[in-house]
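Working through the structure, step by step
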Protein chains: 12
Amino acid sequence: MNNEKKMHNVLVIHGPSLNMLGLREPNIYGNTRLDDINTELKKLGKTIGICVETFQSNSESAIIGALQKNLEKISGLLINAAAFTHTSIAIRDALLLHTVPIIEVHLSNIYKRESFRHKSLIADIATGQLSGFGVNSYYLGLRAMADILNTPDS
Amino acid sequence: MNNEKKMHNVLVIHGPSLNMLGLREPNIYGNTRLDDINTELKKLGKTIGICVETFQSNSESAIIGALQKNLEKISGLLINAAAFTHTSIAIRDALLLHTVPIIEVHLSNIYKRESFRHKSLIADIATGQLSGFGVNSYYLGLRAMADILNTPDS
Amino acid sequence: MNNEKKMHNVLVIHGPSLNMLGLREPNIYGNTRLDDINTELKKLGKTIGICVETFQSNSESAIIGALQKNLEKISGLLINAAAFTHTSIAIRDALLLHTVPIIEVHLSNIYKRESFRHKSLIADIATGQLSGFGVNSYYLGLRAMADILNTPDS
Amino acid sequence: MNNEKKMHNVLVIHGPSLNMLGLREPNIYGNTRLDDINTELKKLGKTIGICVETFQSNSESAIIGALQKNLEKISGLLINAAAFTHTSIAIRDALLLHTVPIIEVHLSNIYKRESFRHKSLIADIATGQLSGFGVNSYYLGLRAMADILNTPDS
Amino acid sequence: MNNEKKMHNVLVIHGPSLNMLGLREPNIYGNTRLDDINTELKKLGKTIGICVETFQSNSESAIIGALQKNLEKISGLLINAAAFTHTSIAIRDALLLHTVPIIEVHLSNIYKRESFRHKSLIADIATGQLSGFGVNSYYLGLRAMADILNTPDS
Amino acid sequence: MNNEKKMHNVLVIHGPSLNMLGLREPNIYGNTRLDDINTELKKLGKTIGICVETFQSNSESAIIGALQKNLEKISGLLINAAAFTHTSIAIRDALLLHTVPIIEVHLSNIYKRESFRHKSLIADIATGQLSGFGVNSYYLGLRAMADILNTPDS
Amino acid sequence: MNNEKKMHNVLVIHGPSLNMLGLREPNIYGNTRLDDINTELKKLGKTIGICVETFQSNSESAIIGALQKNLEKISGLLINAAAFTHTSIAIRDALLLHTVPIIEVHLSNIYKRESFRHKSLIADIATGQLSGFGVNSYYLGLRAMADILNTPDS
Amino acid sequence: MNNEKKMHNVLVIHGPSLNMLGLREPNIYGNTRLDDINTELKKLGKTIGICVETFQSNSESAIIGALQKNLEKISGLLINAAAFTHTSIAIRDALLLHTVPIIEVHLSNIYKRESFRHKSLIADIATGQLSGFGVNSYYLGLRAMADILNTPDS
Amino acid sequence: MNNEKKMHNVLVIHGPSLNMLGLREPNIYGNTRLDDINTELKKLGKTIGICVETFQSNSESAIIGALQKNLEKISGLLINAAAFTHTSIAIRDALLLHTVPIIEVHLSNIYKRESFRHKSLIADIATGQLSGFGVNSYYLGLRAMADILNTPDS
Amino acid sequence: MNNEKKMHNVLVIHGPSLNMLGLREPNIYGNTRLDDINTELKKLGKTIGICVETFQSNSESAIIGALQKNLEKISGLLINAAAFTHTSIAIRDALLLHTVPIIEVHLSNIYKRESFRHKSLIADIATGQLSGFGVNSYYLGLRAMADILNTPDS
Amino acid sequence: MNNEKKMHNVLVIHGPSLNMLGLREPNIYGNTRLDDINTELKKLGKTIGICVETFQSNSESAIIGALQKNLEKISGLLINAAAFTHTSIAIRDALLLHTVPIIEVHLSNIYKRESFRHKSLIADIATGQLSGFGVNSYYLGLRAMADILNTPDS
Amino acid sequence: MNNEKKMHNVLVIHGPSLNMLGLREPNIYGNTRLDDINTELKKLGKTIGICVETFQSNSESAIIGALQKNLEKISGLLINAAAFTHTSIAIRDALLLHTVPIIEVHLSNIYKRESFRHKSLIADIATGQLSGFGVNSYYLGLRAMADILNTPDS
């Protein structure tokens, strides 16, 4: 939809236990590791004008720290907060420090899981949400970000 | 992510009042009409191995009819049920007749709107959900569908 | 239980997607089609003094129309409103126009399904409810209707 | 309250089963038929500078259609959505396409009825609501509309 | 709708802080003072066969007192209980002493305001309710009262 | 519906106060006593291949005892647990010891009564439920049981 | 309030664990045993024209049995159902077989205790309720019964 | 139960609209006026060692005033707060200033009325509650008070 | 925090039963009377540029009256509405007539008390709230007011 | 943890349907019968200074009776109330007669089952709870009891 | 209020993202940085006899650590737990280790924000709470602490 | 119950503030320190074939880290997550990475405490739960673990 694209910095944040992706039960969760996703995101980013940085932590405070450190350095945020999606008002508050677009992604469809996962503390402050497409949620999310950033007056 | 792609039939369903897109308040909703979206979806479909059919109706029963008529003729369903997302168990039931992947899309972020729009009767039977990316929700949804259909044993 | 029976007109209403019965997954749902049920109901009706008319629609308004058109022409109503059982106050209101006995039937046990199917908007205005006996719910319901209609001062 | 009045087009919408008014149980509901109400509304309209069009349907989609077709053709909407008041987000959405004043009317006092009729999906987007005055709810609603339309900067 | 009208006494009750109408922020609430409304109500009353008495108080007990004092002296009650609408069972009880028609009016649309204003303790014992028409709510309410009182066997 | 029928043992359980049926207020509840129902059930059973045993108690533990004693001796259970339907998890547990079909019956339509009778602790473990047909609920229930037992692979 | 009194039979029912009154922790609960209460009730009964019979059981079914056995033999029921007050719909149903006045008594103030004791399944079918007066609840309740029974047309 | 009784001052408080007792609809509410109740209470008081003072008001603040004025002057409080029972935390707070026994009385059985009357803000700070015995609720309440006051160490 | 201070009029409102402070149970509530608090507030006011007026009432309407009478005469409001905090929408409405800063104070920590005291109808329209500091809540509140009033563009 | 142990009497109570343990579906529930558990408990008791008595009943009143009969005869109670855990306030009340330690045990993990089993009416009056260890729940519970009884000042 | 003051150690805890104060959007949040607040608190502390230590962290565990390390070293705690106020039972538990006064402060009025911020897990264990006074909440809180610490027997 | 036992590695996790056990208020909590518990657990482990490792942290992420690091190295998990039991979905998720038995222990009976401690986010994924036995909860939990691990096909 956009012809001219400039290079944007986008931070991708992975929440707790996502570092274990692909390391256990490959027959169920596939062999894709978090490193593979990160590599793919960076590669995809290059083709759509986005410089991707990634960050994973099991620690709420480390994620808050990463969000604070990147204030005014980034043009967009892609976040899979995992379990923190449903419990961390502190991460919500740190996201609120940012004025750039925020895209919320989930590997699994959170609406098929336990009822305490149906409520996201991020959804209403995000531009958009993707849920249920496996690792593809990240790639589609990055594409969505590119389109938002390249839309003249978004 | 997939090299070899075969041609798939995907039905895109648009719910009530989506026929009015782009016809009112262009300064707010943009100039994109539903026809433009359909044209774009078909064009994008061709490039990723999907033959797109589209259907819009303000009528719950017409949407149910379209879902019944396409049984065993399609490989995937992309649905923006609009207001029916939150009220129609009958559309849910008609979707349940299908065993192909279902992707739920929303133009706006439904979690930023009235609380009665936070509950989707489709979400837990869909493969995945996209919400809040404007017309891009459709295009990303179609890409997600292509990836699902082209994954060997999905 | 009743010795003398006179002929009564009973309208049987089938709600959304019931037209698909027996057409898909016969190993699961059996081979009985809606036509078979209707034929069986008419045959059974003859043996118990009831003239059966049937009507199926995926459209809430068509069902309301059928209910209005039959005002004062029938002696009883047998209704499987399917998904509309839980969402349609309009059908409830159209049923309230009638003063004849109403019997609510369901193929599956609605109490074994999603919680949004546990509440029926028809139950408290029906004479009785049958749920969970498969196609037999219809036949037992028709027998119940015969007994009600043939009870002297019901 | 207003001396100078110009002619305004106002669409009056009647929801499901209102076509049955006056046709059944005249001792309870009176002999006033919907046609009588429509005639009366048109007559009253003429005296207060309003050209009244009326529309009744048992079909949610037909009502949505009527709302869409009249976009930018009318100066005000009077709606008795009957049962759809409580269940139809789709009609709410079609009403939201309009920027003209909307007045919600009910024949009966909905707060004296079943608890599922206490919540209106239209009330918070209407200018005002009248409930419980029988057919007079329509006439008072039309008067209220005239006053709103004739108020200089409403 | 009625040709012959006899003179009726109607008491109009205004709840807390309505004495401040028009005295503050005229650009927002208009210049209409409560006295203007009362004068207008009396004038309108004369033209439709109603002798209007008015009473305002910020005191729940004073309103109860006014209701008790007028027992068997009035033919109808028009009440804008303001904040007491939502909190005073005692006013509800005093209203229940009366058997004449009660009409509940609100200047603003209470369904657009805080959720604790959505529940009225008067609505289910009133004949009807008008909400959201500004000062016109009173005038329409009085007209509604006239029609009720002049209907032969209301 | 079934041509070949073999003889099945079915236990019919009647809950608290059902022993009083027909003994009080015959003008309201009719003259049918529980003994009459039991006799009728046995007679009907013979014609449809079912040997009926009946059991009534006001005691939860006596009903549990009857359920335990009949383990592996019966082919089906027909139960009107009356008040215990809504309060006894212990009877639910005793029913769960059985693997034969369970049919829940109620004389009155429990959805027309107090809200604490709307929830059945048996409904989701029963094959089906009949409610509201008076004593006929039992006879229809027994017919339903016959059909289930005679269906080849139910 | 009444001068002429005739002799009435009143059954007093004591629920579970009330047989332990006065047998444990006399410093807390006092020395009054259930026998003392029963003796006192009979003595008081004689002076106010009531012949008192008493019944205590820890068994729900025994209480139901007592209620059934006394049908049409008594003029009033005084019941302290203790824990069954909050859990037994079956006792409620057995009480509903009676048409005589029912008075509900509680030794302790049930509104000062756990929240699950705040709801009584008997309160809305009783003539009146006394709670919190210790053993005096029984005596006051019996006096209340006498007054009700001696009121000409109660 | 007590042989020696000393004279106690007890204040009886009547809430809003109780001044209307007996003045309207005598065929329904009887002819007993509040004055009659007060006279009867004083007479009864004399026979059981209680000097009764009474107070009625439709005003919450007047009742609070009466409660404050009588601090340390009375030995017990009998209160029928009527509608204020369910809405006035301020009266609850004024009652909490007292350390003497409080007895809550209601003419009607509040559990048979609207659900917003089921919750009393006084019940958990009262010694006991009587509900449903008509005017006798007061007399029984006064007797209960006498017994409490005459119990050695209450 | 502010160097230059001008004189401001601040009204301090005390709700029901606060006139009893220090008059009862001095060992529990201390000996500070409301007069002492008022004296202290005036003295403190002088040192921080605030002219303090105080008002106490047990009457909701008297408080509303005081609020109305002071419109446009004061620069700030300090209110301890006591029990009315949780029940009076009318006081909330009267507070909403003011555009000056409102500070809500409570002697006790309302979050340690009954759950019906956890919700304040004033909190969301106040600038700030102090709860739990005994009489000091007033003095701190007055200091807070001074700082708000002396902040250049608050 | 304790060196010197004295002999204590402990009553073990088994609720409804636990008499069926090991008698049905041994491949699922194992072959352990209730008698085996009782024997094992007595044997284990001897080694840890506890004299074990056991009692099973399907009857709530029989369990209450057993609890009453053993008052002051036992030093501890081990109870698996099965379904009564969630429904019997009467058993809770009978447990409250005891002042000895109470330990609540469950074979299965009640938090993995239906939501109506998540609430225990015993848990908050027990010393401790064990859930989910199969028959071992009993043995661990008995060990826990021994430690509590042998702790000097528990 | 106190003349003689001794020096007290008070720990001030700042929760997540409070380190960003004054660093972003100065036109909205002002230029006050956390360091400025800390300096001001220490300066104010000196004048009122309090030695202030401060601690900020985005990490729940770091805050718990600070609370544990200061056990028995401090005389009071001032805490603005920010987002953790609403989610951290662990910080509540660490606060419960302390027996010194705890004062809860919030910059913004939490009752004006999202509903999930209306519930504080600290409020009911704090001495008092201040909310909505901007940075002044801290200074007022410190003054409140001084008064509490200097009150003879607090 | 098991004769042959092999050595198993079991990780014991202690949540926030459990490191303070025994360090404060020994008269209340006893003198047992966490080190004592750990020593005792290891000693007990040796006697029942379990090699115990222990880990305590106040940090959610450190606990997640410990859970991740021990994947496939342990045969069982004993966890007292303390406050995290009720708030951490992230720890739940990290536990779900494990397929070994999980036993949940609590020192205090969580059902006797604040209602927000009644819900455990671990209970439904644990094998079993022990609550309320003080430090003995750990030892009994370890014994339970031994029995599970030594059961042939658990």
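In this report, the structure presented in the accompanying data block is examined. (Residues numbered from 1 in each chain as written. Chains lettered and ligands numbered in written order. Predicted model: local features only at pLDDT ≥ 70, side-chain atom pairs only at ≥ 80, totals over all residues. Heavy atoms only, no water.)

1. Considerations on the side chain of T87 of chain F
Within the fold, T87 of chain F resides in helix α4 (residues 84–87). According to the relative accessible area criterion, T87 of chain F is buried, its value standing at 19%. Ignoring anything within four residues of it in the chain, the contact list for T87 of chain F reads L121 of chain F, T87 and I89 of chain G together with T87 of chain J. (Helix = DSSP H or I, 4+ residues; strand = E, 2+ residues; numbered from the N terminus. Buried < 20%, exposed > 50% of the residue type's maximum accessible area, 1.4 Å probe, protein only. Contact = heavy atoms within 4.5 Å.)

2. Regarding the sheet that holds strand β3 (residues 76–80) of chain K
Here 10 strands make up an open sheet; going across it, the order is β2(I)-β1(I)-β3(I)-β4(I)-β5(I)-β5(K)-β4(K)-β3(K)-β1(K)-β2(K) and the pairing mixed. Since the sheet does not close on itself, it has two edges, and those belong to β2 (50–56) of chain I together with β2 (50–56) of chain K, each with one partner. If you compare each strand with its neighbour and ignore which way they point, the axes differ by 15 degrees on average. In the sheet, β3 of chain K pairs with strand β4 (residues 102–106) of chain K via three bridges, with the strands oriented parallel. Within β4 of chain K, the position partnered with L77 of chain K by the bridge is I102 of chain K. (Pairing = 2+ DSSP bridges. Axes fitted to C-alpha atoms, helices over the stretch in contact; angles between N-to-C directions.)

3. Considerations on the environment of L130 of chain C
Structurally, L130 of chain C is set in strand β5 (residues 128–131). The exposure class assigned to L130 of chain C is buried, which follows from its relative accessible area of 0%. Separated by 25 residues in sequence, L130 of chain C and V105 of chain C place their C-alpha atoms 4.8 Å apart. Apart from the residues lying within four places of it in its own chain, the contact partners of L130 of chain C are I103, E104, V105, H106, S137, L140 and G141 of chain C together with Q129, L130 and F133 of chain F.

4. Brief notes about the pairing of strand β3 (residues 76–80) of chain I
Residues and elements named next belong to chain I. Most of β3 sits inside the fold, with five of its five residues counted as buried. Covered by surrounding structure in β3 are G76, L78 and N80 together with L77 and I79, the residues of both alternating faces. By the bridge criterion, five bridges tie strand β1 (residues 8–14) to β3 in an arrangement that is parallel. By the bridge assignment for β3, V12 is matched with L78.

5. So, the relation of the copies chain C and chain F
Least-squares fitting of chain C to chain F yields an RMSD of 0.0 Å, with the transformation described by 0.0 Å of translation along the axis and a rotation of 180 degrees. Classification of the inter-copy transformation places it as that of a two-fold axis. It is L130 of chain C whose C-alpha, among those of chain C, lies nearest the rotation axis, at 2.3 Å. When the interface residues of chain C are mapped onto chain F, 96% of them again lie at the interface, so the same face is used by both copies. (Least-squares fit on C-alpha atoms with pLDDT ≥ 70 in both.)

6. What about the interface of chain L and chain J?
Contact with chain L, which involves 23 residues of that partner, is made by 23 residues of chain J. Roughly 2,000 Å² is buried in total at the junction of chain L and chain J, and carbon and sulfur atoms are behind 60% of that figure. Seen at the junction of chain L and chain J, the total is 11 residue pairs in polar contact (both at pLDDT 80 or more). Of all the elements in the fold, those that place two or more residues in the side of chain L that touches chain J are β5 (128–131) and α6 (136–150) of chain L. Per-element accounting of the side of chain L that touches chain J gives the leading share, seven residues, to α6 of chain L. Of the residues that constitute the side of chain L that touches chain J, the class distribution is 12 nonpolar, seven polar and four charged. Relative to β5 of chain L, strand β5 (residues 128–131) of chain J is paired through three bridges, and the arrangement is antiparallel. Within β5 of chain L, the residue paired with Q129 of chain J across the bridge is S131 of chain L. (Buried area = accessible area lost by both parts, 1.4 Å probe. Polar contact = N/O pair within 3.5 Å; in protein donor to acceptor, adjacent residues only side chain to side chain. Nonpolar A, V, L, I, M, F, W, Y, C, P; charged D, E, K, R; others polar.)

7. Some remarks on the interface of chain C and chain F
Across the boundary between the two partners, chain C contributes 24 residues, which contact 23 residues of chain F. The contact between chain C and chain F buries some 2,000 Å² in all, and 59% of this surface belongs to carbon and sulfur atoms. Joining chain C to chain F, the criterion identifies zero salt bridges. Viewed at the interface, chain F and chain C are joined by 11 residue pairs in polar contact (both at pLDDT 80 or more). The set of elements that each furnish at least two residues to the side of chain C that touches chain F consists of β5 and α6 (136–150) of chain C. Among the elements that line the side of chain C that touches chain F, the one with the most residues is α6 of chain C, at seven residues. Along the lines of polarity and charge, the residues of the side of chain C that touches chain F split into 12 nonpolar, seven polar and five charged. (Salt bridge = Lys/Arg side-chain N within 4 Å of Asp/Glu carboxyl O.)

8. A word on the packing of aromatic side chains
Centre-to-centre distance and the angle between the planes together describe a pair of aromatic rings. The tally for this structure, following the rule as stated, stands at six aromatic pairs over all chains. Plain terms: the ring middles of Y111 of chain I and Y111 of chain K are 6.2 Å apart, the flat faces sit at 5 degrees to each other, and that makes the pair stacked. In this pair, Y111 of chain I sits in the loop between β4 (102–106) and β5 (128–131) while Y111 of chain K sits in the loop between β4 and β5 (128–131), so the two residues belong to two different chains. The residues Y111 of chain I and Y111 of chain K share a single accessibility class, namely buried. (Phe/Tyr/Trp six-rings, centres within 6.5 Å; stacked < 30°, edge-to-face > 60°.)

9. Focus: the relation of the copies chain L and chain J
The transformation that overlays chain L on chain J combines an axial shift of 0.0 Å with a rotation of 180 degrees, and the residual RMSD is 0.0 Å. Most of the interface of chain L is mirrored in chain J: 100% of its interface residues are interface residues there too.

10. Remarks on the nonpolar core
With 65 residues, the main nonpolar core has L95 of chain E, L77 and L95 of chain H together with L77 and L95 of chain I as its most contacted residues. Leave out the neighbours within four places in its chain, and L95 of chain H touches L67, L77, I79, I102, I122 and I125 of chain H. (Core = buried A, V, L, I, M, F, W, Y, C linked by side-chain atoms within 4.5 Å.)

11. Observations regarding the sheet that holds strand β1 (residues 8–14) of chain B
Strands sit in the order β2(A)-β1(A)-β3(A)-β4(A)-β5(A)-β5(B)-β4(B)-β3(B)-β1(B)-β2(B) across an open sheet of 10 strands; the sheet is mixed. Because the sheet does not close on itself, it has two edges, and the strands there are β2 (50–56) of chain A together with β2 (50–56) of chain B. Between one strand axis and the next, the sheet turns through 15 degrees on average, direction left out of account. Relative to β2 of chain A, strand β1 (residues 8–14) of chain A runs parallel, the two sharing seven bridges. When the sheet's bridge partners are listed, H14 of chain A is paired in β2 of chain A with Q56 of chain A. On the sheet, helix α3 (residues 60–69) of chain A packs against β1, β2 and β3 (76–80) of chain A and is oriented at approximately 175 degrees with respect to β1 of chain A.

12. Description of the pattern of salt bridges
Inspection of the entire model under this criterion finds 60 salt bridges over all chains. Of the charged contacts, one joins K43 of chain C and E40 of chain C as a salt bridge, the two residues approaching to 3.7 Å between their closest N and O atoms. Of this pair, K43 of chain C and E40 of chain C both sit in helix α2 (residues 34–47), three residues apart, roughly one helical turn. Note on K43 of chain C: relative accessible area 55%, which makes it exposed. We classify E40 of chain C as partly exposed; its relative accessible area is 24%. Linked by salt bridges that have partners in common, R92, D93 and D124 of chain A together with E114 and R117 of chain K make up one network.

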